[in-house]
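A look at the structure
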Amino acid sequence: MSINTTDQRLEALAPSRSEARRRRRGVSHASTGYLFVAPFMLVFLAMLVLPLIYAAYLSLFRERLIGGTVFAGLENYTRALTDPKFLDGVGRVALFFLIQVPIMLVIALLAALAIDSGLLRMAKVFRLGIFLPYAVPGVVATLMWGYLYGPDFGPFAQLADKLGLAAPKFLSSDWMLGSLANVVTWEFTGYNMIILYAALRAVPHDLYEAAAVDGAGAIRTAWSIKIPALRPALFVCLIFSVIGSFQLFSEPWLMRTLAPSVIDSGYTPNVYAYTQAFTGQEVNYAAAVSFLLGLVIVIVSYAVLLVTARRSRS
Amino acid sequence: MRERRNNVLTIGMVVMLIYFLLPLFWLFVASTKTVGDLFSSFGLWFSDDFSLLSNIRDTVSTNSWVFSRWMGNTILYAVVSAGGAAFLCALGGYGFAKYRFRGNGSMFGLVLGAIMVPTTALAIPTYLLFSKAGLVNTPWAIILPSLVSPFGLYLMRIYAQDAVPDGIIEAARIDGAGEFRIFFQVALRMLAPGIVTVVLFTLVATWNNYFLPLIMLNNPDLYPVTLGLAQWSSQASAGGGTTGAVLSLVITGSFLSVIPLIAAFLLLQRYWQSGLASGGVKA
């Protein structure tokens, strides 16, 4: 609002504006653009593109006990694609993605709609309270939930003990993936909610008034106006969730100290790449595993893009 | 009718709020307890012996103040990375939004595509490159990779597009201001909410980072607090009953480590919420 008025004021003050615009597209100004983007692009190339190329290069070699490193072509990739540990890990994070992400996004969506509806008292308290876990480091969240799950002084075990029931075995192999999903849901629902809420605030309010005139209630308005308007924001949340789920590392890695027999070195692809590189000293193989994981993420993200694009067209 | 729906909705949201806040409440309660009470009293309420202050004293000063050191390291890494990343993003986002140079679209597209590159896939090759350059086990090993934020650049570009009107840039040019002077003296102030957003989210990413320091650092004096707490926790669970004292350090340390970020988010909410709004809408 204030920006618009300054703009108009300046327009009145600067009659030679159109002339300036012609000059602005000229060579001297355009080339200054390179100077503005150069620092970012330099760091981007050095810290992102270069390591990526180096990983691709490394993944094509193999270390031998005698004779050093030799060119191996795609051998590391064929090895990974037939490595049951790697494939199990990919399958596990895919399952995690299919179950955890819809639950998290539905909770985030419901919370954002409720807070935006105006039917809630103290909406601000809810908004900030639900968002707060995002500011908690993943390490702390995992340790905390690990203790909450635990049989020694976790409140769940304490309550079960008081009621004379058997304590739920959150850290057993049957429950572990669900327990991890709960930790991740706890950490990131608020972040997704804030993105969705921010997008909701931008929906033009005359749309709501038109809907009210047509006799639409709060739920009808949410379903027919708000959720369609949220599609781009939901897409952003979904893409970030793909990346987060497939890269899962800290949570399982830290739970490992509490349940070493449940979480093995191939529990997630990232845990596998890490153990291959740093305990197995198989750097070349680890590079191939990370690269394949990156490829999986790009493919899944692209699939998500296609599905959501088709939905919004129909 | 309307009033009733209101209450049902409020009750549902209260349940949700309890789920999100109860673990933090537990953490606070647990950090007020002695090790004995931790095991013997109910987890979700205080025991008679309120020993928060002595727990804090023990945590920060144990092992010749190593926890304080970790907190200091985290603050250093997070503040330098977030400040640097936000500056690069503001400069670059403004450049991409306001200048039409050759390769603008393709370079920006390259950066956008990189949002999908898993950062953990980069960590292992970055480690190998850094170990050749002698940067492993130095603060730079954490700070340099954290300076790149493709999403931050994307956010700043969108933000700069609307927040800095072309008319103002042109008027400043007519007044004879140079391009960088326009950026620093005119545009930067208008970009402030966007910059705060990028700062906060990079701050969180670096503050919470665990994988990168795990790979890059093996000198405990350089650990950030996440790595330090993870190390303490594995000591606590490895040692069994005799290491109860370490357990109390992990819990109180965890509690202390979450306070600064929560405070930052609460204090700066006006800025990051408006900054995020523009990113979420246009995405």
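Residues numbered from 1 in each chain as written. Chains lettered and ligands numbered in written order. Predicted model: local features only at pLDDT ≥ 70, side-chain atom pairs only at ≥ 80, totals over all residues.

**Digging into the overall build of chain B**
Heads up, the condition is: Each helix is a run of DSSP H or I of at least 4 residues and each strand a run of E of at least 2, with the numbering of both proceeding from the N terminus. C-beta atoms are placed from the backbone for every residue, and two residues are taken to be in contact when these atoms lie within 7 Å.
Regarding its fold elements, chain B presents 14 helices and zero strands. Listing the helices and strands of chain B from first to last along the sequence gives α-α-α-α-α-α-α-α-α-α-α-α-α-α. Referenced to the eigenvectors of the C-alpha coordinate spread, the extents of chain B come out at roughly 75 × 70 × 30 Å. Counting only contacts in chain B whose residues sit at least 6 apart along the sequence, the fraction spanning at least 24 positions is 74%.

**Regarding the overall build of chain A**
For clarity, the threshold we go by: Counting other C-beta atoms within 10 Å of each residue's C-beta, where C-beta atoms are placed from the backbone, gives the exposure class: buried for 20 or more, exposed for 12 or fewer, partly exposed between.
The secondary structure content of chain A amounts to 15 helices and two strands. The burial tally for chain A puts 42% of its 314 residues in the buried class. Within chain A, contacts between residues at least 6 apart in sequence are counted, and of these 67% link residues at least 24 apart.

**A few points about the UniProt feature "transmembrane region" (unreviewed entry) in chain A**
All names here are of chain A. Definition in use: UniProt positions are given in the numbering used here, feature names are shortened, and annotations may be inferred rather than shown by experiment.
If you check UniProt for "transmembrane region" (unreviewed entry), the listed places come out as residues 32-57, 93-113, 125-148, 175-200, 229-249 and 285-309 in our numbering. Summarising residues 175-200: 96% helix, 0% strand, and an end-to-end C-alpha distance of 36 Å. When the span residues 285-309 is considered, its composition is 100% helix and 0% strand, and the gap between its end C-alpha atoms is 36 Å.

**As for the interface of chain A and chain B**
Interface size is often expressed as the accessible area that is lost when the parts come together. Counted only if it meets this: Each residue is assigned to one of three groups, with Ala, Val, Leu, Ile, Met, Phe, Trp, Tyr, Cys and Pro labelled nonpolar, Asp, Glu, Lys and Arg labelled charged, and all others, Gly among them, labelled polar.
If you look at the interface, chain A gives 89 residues, while chain B gives 83 residues. At 20 residues, the largest contribution of residues to the side of chain A that touches chain B is made by helix α3 (residues 27-58) of chain A. The class makeup of the residues in the side of chain A that touches chain B is 62 nonpolar, 18 polar and nine charged.

**A word on unusual backbone geometry**
Notably, Gln281(A) is not glycine yet its phi reads approximately 55°, a positive angle. The class of Gln281(A) is exposed, set by 10 C-beta atoms lying within 10 Å. Of note in this structure, Trp65(B) is not a glycine but carries a positive phi near 60°. Take Trp65(B): it is sitting in helix α3 (residues 52-98).

**Let's talk about the nonpolar core**
Residues and elements named next belong to chain A. Let me state the cut-off plainly: Core membership is restricted to buried Ala, Val, Leu, Ile, Met, Phe, Trp, Tyr and Cys residues, and these are joined into a nonpolar core through C-beta atoms within 7 Å.
In this structure, Ala112, Leu196 and Val289 are the most contacted members of the largest nonpolar core, which totals 174 residues. For this core, the element with the most residues is helix α9 (residues 176-201), which contributes 16 residues. The contact partners of valine 289, leaving out residues within four places of it in the chain, are Ala80, Phe86, Pro269, Tyr272, Ala273 and Gln276.

**Quick word on the packing of helix α4 (residues 104-113) of chain B against helix α7 (residues 150-163) of chain B**
Residue and element names in this part refer to chain B. What counts, and what does not: Axis definition: a line fit to C-alpha positions, over the contact stretch in the case of helices; interaxial angles, taken between N-to-C directions, run 0 to 180 degrees. For classification, angles of less than 35 degrees are called roughly parallel, those exceeding 145 degrees roughly antiparallel, those between 65 and 115 degrees roughly perpendicular, and all remaining angles oblique. Helix crossings get a hand from a simple test, with the near helix turned counterclockwise from the far one by less than a right angle marking a left-handed crossing and a clockwise turn marking a right-handed one.
Contact geometry for α4 and α7: axes closest at 8 Å, N-to-C directions at 130°. Considering their axes alone, α4 and α7 lie oblique with respect to each other. Our pair here, α4 against α7, has a crossing hand that is left-handed. Only Pro150, Leu153, Tyr154 and Arg157 of α7 make contact with α4, whose side of the interface consists of Phe108, Val111 and Leu112. When grouped by side-chain class, the residues that make up the contact of α4 with α7 number six nonpolar, no polar and one charged.

**Here's the deal with the UniProt feature "transmembrane region" (unreviewed entry) in chain B**
UniProt feature "transmembrane region" (unreviewed entry): in the numbering of this structure it lies at residues 7-29, 75-96, 108-128, 140-160, 180-207 and 245-268 of chain B. End C-alpha atoms of residues 180-207 of chain B are separated by 31 Å, and the span's content is 96% helix alongside 0% strand.

**Structural notes on the confidence of the model for chain A**
Residues and elements named next belong to chain A. This is how it is decided: pLDDT: the predictor's confidence for each residue, scored from 0 to 100.
Taken as a whole, chain A shows an average pLDDT of 84; of its residues, 89% reach a score of 70 or greater. Element-level mean pLDDT values for chain A span from 43 in helix α1 (residues 2-13) up to 95 in helix α5 (residues 84-116). Contacts of residues 1-27 to residues separated by more than four positions or lying in other chains number 24 contacts, the stretch itself having pLDDT below 50.

**A look at the environment of Gly109(B)**
By secondary structure assignment, the location of Gly109(B) is in helix α4. Between the C-alpha atoms of Gly109(B) and Leu203(B), which are 94 residues apart in sequence, the distance is 25 Å.

**Remarks on the confidence of the model for chain B**
Note: predicted coordinates in regions of low pLDDT should not be interpreted at a detailed level. With 92% of its residues at a pLDDT of 70 or more, chain B shows a mean pLDDT of 87. Here helix α14 (residues 269-282) of chain B stands out as the element of chain B with the lowest mean pLDDT, 64, in contrast to helix α6 (residues 140-146) of chain B, whose mean of 95 is the highest.

**Considerations on the environment of Arg69(B)**
All names here are of chain B. With respect to the element layout, arginine 69 can be found in helix α3. Using a count of 18 C-beta atoms within 10 Å as the deciding quantity, one classes arginine 69 as partly exposed. Remark: the alpha-carbon pair of arginine 69 and proline 224, spanning 155 residues in sequence, is separated by 8.3 Å.

**Considering the environment of Gly266(A)**
Residue and element names in this part refer to chain A. Tracing the chain through its elements places glycine 266 in the loop between α13 (250-258) and α14 (269-278). The buried category is assigned to glycine 266, around which 21 C-beta atoms lie within 10 Å. Glycine 266 sits 182 residues away from proline 84 along the chain, and the two C-alpha atoms are 9.1 Å apart. Once residues lying within four places of it in the same chain are set aside, the contact partners of glycine 266 are Lys85, Phe86, Asp88, Gly89 and Tyr272.

**Focus on the packing of α7(B) against helix α10 (residues 192-207) of chain B**
Residues and elements named next belong to chain B. Interaxial distance between α7 and α10 falls to 9 Å at its minimum, and their mutual angle equals 170°. By the angle between their directions, the pair α7 and α10 is classed as roughly antiparallel. Residue-level contacts link Gly152, Leu155, Met156, Tyr159 and Ala163 of α7 to Gly194, Thr197, Val198 and Thr202 of α10. In the contact of α7 with α10, the residues fall into five nonpolar, four polar and no charged.

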